[in-house]
Amino acid sequence: MRIQNTIFKKLLFVMESFLQTEGDNCEVKMCKVSVIVPVYNAENFLQNTLNNIQRQSLKDIEIICVDDGSEDSSADIIKKFQRQDIRIRYEYQKNQGAGVARNKGISLAQGEYVAFMDADDGYPNIYSLEKLYLAARKNQALICGGSAKGINQSGYNKRVFEKEGFVWFSDYQFDFLFQRFIFKRSFLEDKNIAFPDLKIYEDPIFLSKALVEAEKFFAIMEEVYLYTGSHQISTINLEKTKDYLRGITQSLHLSSIHQLAGLHRETVERLEKEACYYAEKYLYDGDQELLYLLLDANAAINRELIGINDTYVLSAVISMWNAANKYMTLRNVKLIKIIYLFAAFHI
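Source: prediction; values computed, not measured.

Here is what the cut-offs are and how they apply
- Residues numbered from 1 in each chain as written.
- Predicted model: local features only at pLDDT ≥ 70, side-chain atom pairs only at ≥ 80, totals over all residues.
- Heavy atoms only, no water.
- Helix = DSSP H or I, 4+ residues; strand = E, 2+ residues; numbered from the N terminus.
- Buried < 20%, exposed > 50% of the residue type's maximum accessible area, 1.4 Å probe, protein only.
- Core = buried A, V, L, I, M, F, W, Y, C linked by side-chain atoms within 4.5 Å.
- Pairing = 2+ DSSP bridges.
- Axes fitted to C-alpha atoms, helices over the stretch in contact; angles between N-to-C directions.
- Contact = heavy atoms within 4.5 Å.
- Salt bridge = Lys/Arg side-chain N within 4 Å of Asp/Glu carboxyl O.
- pLDDT = per-residue confidence, 0-100.
- Arc of directions from axis to C-beta.
- Phe/Tyr/Trp six-rings, centres within 6.5 Å; stacked < 30°, edge-to-face > 60°.

### What about the environment of Glu71?
Stage number 1. Counting through the fold element by element, Glu71 comes out in the loop between strand S2 (61-68) and helix H3 (74-84).
Stage number 2. Here Glu71 falls in the exposed class, since its relative accessible area comes to 70%.

### Thoughts on the nonpolar core
Stage number 1. Residues Val33, Val35, Val37 and Leu129 are the most contacted members of the largest nonpolar core, which totals 38 residues.
Stage number 2. With 31 residues, the next largest nonpolar core counts Ala109, Phe174, Phe178 and Val212 among its residues.

### Quick look at the pairing of strand S5 (residues 143-150)
Stage number 1. Burial analysis of S5 places 7 of its 8 residues in the buried class, which makes it a mostly covered element.
Stage number 2. When S5 meets strand S7 (residues 181-184), the two strands line up antiparallel, connected through 3 bridges. Residue pairing across strands places Cys144 opposite Ile182, the latter belonging to S7.

### Section: the sheet that holds strand S6 (residues 165-168)
By way of backbone hydrogen bonds, the strands of a sheet pair with one another, either parallel or antiparallel.
Stage number 1. Reading across the sheet, the 8 strands line up as S3-S2-S1-S4-S7-S5-S8-S6 and stay open at both edges, with mixed pairing between neighbours. Looking at strand neighbours, the two that pair on one side only are strand S3 (88-93) and S6, the edges of this open sheet. On average, each strand axis in the sheet is tilted by 35° relative to the strand beside it, whichever way the strands run.
Stage number 2. For S5 and strand S8 (residues 216-227), the ladder comprises 6 bridges, and the chain directions are parallel. Bridge pairing in S8 places Ala148 opposite Tyr225.
Stage number 3. Helix H9 (residues 202-214) rests against strand S4 (111-116), S5, S7 and S8 of the sheet, and its axis sits at about 55° to S7.

### Thoughts on the environment of Gln250
Stage number 1. For Gln250, the location among the structural elements is in helix H10 (residues 238-257).
Stage number 2. Residues Gln250 and Tyr201 lie 49 residues apart in sequence; the distance between their C-alpha atoms is 9.9 Å.

### What about the pattern of salt bridges?
Stage number 1. The final tally for this structure, using the stated rule, is 14 salt bridges.
Stage number 2. A salt bridge links Glu62 to Arg89; the nearest nitrogen and oxygen atoms lie 3.2 Å apart. On the criterion of sequence distance, the pair formed by Glu62 in strand S2 and Arg89 in strand S3 is long-range, its members being 27 residues apart. Of the two residues, Glu62 and Arg89, neither departs from the other in class, the shared state being buried.
Stage number 3. For Arg102, the salt bridge is made with Asp203, and the minimal N-O distance between the two is 3.1 Å. Of this pair, Arg102 sits in helix H4 (residues 98-108) while Asp203 sits in helix H9, and the two are 101 residues apart along the sequence.
Stage number 4. When salt bridges that share partners are traced, they join Glu239, Lys242, Asp243, Arg246, Asp287 and Glu289 into one network.

### Re the confidence of the model for the protein
Stage number 1. A residue-level look at the protein finds 80% of positions with pLDDT of 70 or above and a mean pLDDT of 86.
Stage number 2. Here residues 6-27 scores under 50 on pLDDT; set against residues more than four positions off or in separate chains, the count is 3 contacts.

### Re helix H5 (residues 128-138)
Stage number 1. Regarding H5, the residues found buried are Ser128, Leu129, Leu132, Tyr133, Ala135 and Ala136. Seen along its axis, H5 keeps its buried residues to an arc of 165°; they face one direction.
Stage number 2. Along its buried surface, H5 packs onto strand S1 (31-39), S2, S4, S5, S7 and S8.
Stage number 3. Positioned one or two residues after H5, Gln140 has a phi angle of 50°, which is positive.

### Overview of unusual backbone geometry
Stage number 1. The phi torsion at Asn41 lies on the positive side, around 45°, for a residue other than glycine.
Stage number 2. Taking the relative accessible area as the measure of exposure, Asn41 reaches 31% and is therefore partly exposed.
Stage number 3. If you check the backbone angles, Gln173 has positive phi at about 50° while not being a glycine.
Stage number 4. By the element assignment, Gln173 lies in the loop between helix H7 (169-172) and S7.
Stage number 5. The class for Gln173 is buried, based on a relative accessible area of 13%.

### A word on the packing of aromatic side chains
Stage number 1. One pass over the full model with this rule turns up 21 aromatic pairs.
Stage number 2. Between Phe116 and Phe195 the ring centres are 5.4 Å apart and the planes differ by 85°, which places this aromatic pair in the edge-to-face class. Of this pair, Phe116 sits in strand S4 while Phe195 sits in the loop between helix H8 (185-190) and H9, and the two are 79 residues apart along the sequence. The burial state of Phe116 is the same as that of Phe195; both residues are buried.
Stage number 3. With a centroid separation of 5.2 Å and an interplanar angle of 80°, the aromatic rings of Phe166 and Phe218 are classed as edge-to-face. Here the residue Phe166 occupies a position in strand S6, and Phe218 occupies one in strand S8, the gap between them amounting to 52 residues.
Stage number 4. Look at Phe166 and you get partly exposed, because its relative accessible area is 36%.
Stage number 5. You can call Phe218 buried: its relative accessible area is 5%.

In structure tokens form, the structure reads like this:
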């Protein structure tokens, strides 16, 4: 009995060592696709999302979950999945935003291609990653994308590809929904393409930079990403408003330098309709940095590129100017009254 127990213990040790070695090898060997998932307080969605990725027909993948300082049970959920699937990796960082978390994921990735998944989104079918990967490999594409499926159909014509083949970014000029693309990892590293350190609007800048460098991408018609929109920010505070303006300004500079008139025009519309809307809430609180950022964005508009008047000024700047004029008028009226009363008192 003692001999049998000894043999059993040795056998168990060998098996554990083998499994440990296999786990270590999985972390360092190249796989086909690295799926990077930034996670922040996503306990309500995370299990469904991880299950969705696991079910993909393309099995030679790694799933890198970067916990961006979650305060809920997200870490426990990931670690539970990790114990059952050696393809899942857990990394923690202090809260710095999804862009920084994705950059960390890129630095850890071993995949030939890199994909991004938000913690509350998913793939519309089990073949999404496989179709993207096979199309990218077959056509030697640096970037490959498919159609997006979502509850918000704004810009629908740009979310759906109606034919398969290479698309020039100069013709496409759309910078949303980067998640429906996969990117050659060596390309991102060679060109030093990363997400800017912003809490909002980091995605369009990343996608634009990648597509400008690649010049073209391969498109497939199939839906490859299911966008729920549930992670969209419902309240934008002052700091996020500033980051929004910083991101918009970067996009304006990029589209201006590369003469992307369509993208520049759309970015100006976002600046007017969204960024300025949020900025006006805080403009009269005396925050000078916000004012400077707004003026920087206004200066970044290439009016000639998009065919608007040279004297065009953002509505938020005009509103502030009008408010200042009104204040000065009232102030001057009050001052005149005080002088009049003072003079009358001394007659």
